[in-house]
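Summary of the model geometry
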Amino acid sequence: MTELRRLERVRQDFVGNVSHEFKTPLTAIQGFAETLLAGAIDDPKNNRRFLEIIRDHAARLARVTDDLLKLARIEAGKLELEFFPVGIQELIGGCAETTLLKASRKQISFSMEVPSGLPAVRGDASLLHDVLQNLLDNAIQYTPRGGRVVVGAAAGPREVTITISDSGIGIPLADQERIFERFYRVDAARSREAGGTGLGLSIAKHIVEAHGGRLWVESAVGQGSKFSFSIPLAG
Ligand code: ADP
């Protein structure tokens, strides 16, 4: 296939995926609104529940739209990165509170194994925070109750590598490359049910690469996953 035809194919797949993501929530919103109008609004057993379903599907549409806009900005090269020295302790500390709360709700243990004295990296603090929080959210999302999540960091000669390990469901080898693609999910139904958009890792990968870094995964089904990303030192 020529490059042009390949790109056209990628574009068509993307439009197909986006339409599919919008269709389910829109159908639900329309259906429940019509049911309410047809009389369910006066049914005290169901009216509130139907409105909650409408609200949840609208929230899902908002999440997908937000992620698509973020992705479009990044891919158009319009993401304005503001590089400053970013401290690793501060970066990880900034995600700790939210992560502890989410972990404790699922009885997952969360620990930080971050040595002191790590050199700062050259990065956009707010975007790096988004990347780390996204990887931590996934770790909790795909780890059953009672599991554990650990965040660690280590410095090399030119970069710092942050690792997020979980004792969760793991990712089959054949899917490990593909999870960084837009909308790719190992288990689409499970991801949607959990409120995932399937875009988080592709956004994270773009951001890390815009820093001159790398993002990768090692995983074994049933044992857990370890995501790592490296960011060049502030120097
Ligand atoms: P989602 O919104 O579906 O979580 P992501 O882009 O963040 O989208 O992740 C893509 C897919 O990669 C997920 O649907 C899931 O199948 C898989 N995945 C991501 N993180 C993990 C993890 N820590 N453990 C197991 N599977 C994961």
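The rules behind the values
- Residues numbered from 1 in each chain as written.
- Predicted model: local features only at pLDDT ≥ 70, side-chain atom pairs only at ≥ 80, totals over all residues.
- Heavy atoms only, no water.
- Core = buried A, V, L, I, M, F, W, Y, C linked by side-chain atoms within 4.5 Å.
- Buried < 20%, exposed > 50% of the residue type's maximum accessible area, 1.4 Å probe, protein only.
- Helix = DSSP H or I, 4+ residues; strand = E, 2+ residues; numbered from the N terminus.
- Domains from an automatic or database assignment.
- Near = heavy atom within 4 Å.
- Polar contact = N/O pair within 3.5 Å; in protein donor to acceptor, adjacent residues only side chain to side chain.
- Areas by Shrake-Rupley, 256 points an atom, 1.4 Å probe, with all protein chains shown as cover.
- 1 Å grid on protein atoms, 1.4 Å probe; cavity = no way out; pocket = protein on both sides within 12 Å on 5 of 7 lines; lining within 4 Å.
- Sits in = over half its atoms within 2 Å of the grid points.
- Nonpolar A, V, L, I, M, F, W, Y, C, P; charged D, E, K, R; others polar.
- Contact = heavy atoms within 4.5 Å.
- Axes fitted to C-alpha atoms, helices over the stretch in contact; angles between N-to-C directions.
- Left-handed = near helix turned anticlockwise from the far one by under 90°.
- Pairing = 2+ DSSP bridges.
- Salt bridge = Lys/Arg side-chain N within 4 Å of Asp/Glu carboxyl O.
- Points joined across faces, edges and corners; volume = space filled by probe spheres on them.
- Buried area = accessible area lost by both parts, 1.4 Å probe.

1. Section: the nonpolar core
Across soluble globular proteins, you tend to see nonpolar side chains buried next to one another. Core analysis: the largest hydrophobic core is formed by 45 residues, its most contacted members being Ile88, Leu132, Ile162, Ile164 and Phe229. Those elements that place two or more of their residues in this core are helix H2 (47–75), helix H3 (88–105), helix H4 (125–141), strand S4 (148–155), strand S5 (159–166), helix H7 (200–210), strand S6 (214–220) and strand S7 (224–232). With eight residues, H4 is the single largest residue contributor to this core. Inspection of this core shows a minimum of three residues originating in each of domain 1 (2–75) and domain 2 (84–232).

2. A short note on the site of the ligand
Around the ligand sit 20 residues, and of these Asn138, Ser191, Thr197, Gly198 and Leu201 come closest. In the environment of the ligand, an oxygen atom lies 2.9 Å from a nitrogen or oxygen atom belonging to the side chain of Asn138. Burial of the ligand by the surrounding chains reaches 96%, relative to a free accessible area of 530 Å². More than half of the atoms belonging to the ligand lie within 2 Å of the grid points that define the largest pocket. Of all the elements in the fold, those that place two or more residues in the shell around the ligand are H4, H7 and S7. The residue inventory of the shell around the ligand, partitioned by class, reads 10 nonpolar, eight polar and two charged.

3. What about the side chain of Ser219?
Relative to the helices and strands, Ser219 is located in strand S6. Given the relative accessible area of 19%, Ser219 is considered buried. Among the polar contacts made by the side chain of Ser219, one reaches the main-chain carbonyl oxygen of Gly224 at a distance of 3.0 Å. In terms of polar contacts, Ser219 uses its side chain to reach the side chain of Ser225, at 2.9 Å. If near-sequence neighbours (up to four positions away) are discounted, Ser219 is found in contact with Gly170, Ile171, Gln176, Gly224 and Ser225.

4. Some remarks on the packing of H4 against H7
Their axes nearest at 10 Å, the elements H4 and H7 cross at an angle of 145°. Every pair of crossing elements has a handedness; the one defined by H4 and H7 is left-handed. Residue-level inspection shows Leu127, Val131, Asn134, Leu135 and Asn138 of H4 in contact with H7, the latter providing Gly200, Leu201, Ala204, Ile207 and Val208. Considering only residue class, the contact of H4 with H7 consists of seven nonpolar, three polar and no charged.

5. Observations regarding the sheet that holds S5
Pairing is mixed in the open sheet, where five strands are placed in the order S2-S4-S5-S7-S6. Pairing within the sheet leaves two strands with one partner each, and these edge strands are strand S2 (109–113) and S6. Going from strand to strand, the sheet's axes swing by 15° on average, the running direction of each strand aside. Bridge analysis of S5 against S7 gives eight bridges, and the strand direction is antiparallel. Looking across to S7, one finds that Val160 is bridged to Ile231. Its contacts with the sheet place H3 against S2, S4 and S5, and it is angled at close to 170° to S2. Along the sheet, H4 contacts S2, S4, S5, S6 and S7; its crossing angle with S5, the most-contacted strand, is approximately 20°.

6. What about the pattern of salt bridges?
Summed over all chains, the structure comprises 13 salt bridges. Residue Arg60 is joined to Glu21 by a salt bridge in which the shortest nitrogen-to-oxygen separation is 3.6 Å. Here Glu21 lies in helix H1 (residues 3–37) and Arg60 lies in helix H2, a separation of 39 residues in the sequence. Of the two residues examined, Arg60 and Glu21, each falls in the buried class.

7. Observations concerning the layout of surface pockets
Considering only enclosed or pocket space, the largest pocket measures out at about 1200 Å³ in volume. Lining the largest pocket we find 44 residues, and of these Asn134, Asp137, Asn138, Tyr142 and Gly196 sit closest to its centre. Mapped by element, the contributors of at least two residues to the lining of the largest pocket are H2, H3, H4, helix H6 (188–193), H7 and S7. Among the elements that make up the lining of the largest pocket, the one with the highest residue count is H4 (nine residues). Residues belonging to the lining of the largest pocket are distributed by class as follows: 18 nonpolar, 13 polar and 13 charged.

8. Some details on the domain arrangement of the chain
Taken as a whole, the chain is organised into domain 1 (2–75) and domain 2 (84–232). For domain 1 and domain 2, the distance between their C-alpha centres works out to 26 Å. Each side of the interface is counted separately: domain 1 has 15 residues, and domain 2 has 12 residues. Interface of domain 1 and domain 2: buried area, both sides summed, is about 1300 Å²; carbon and sulfur atoms make up 62% of it.

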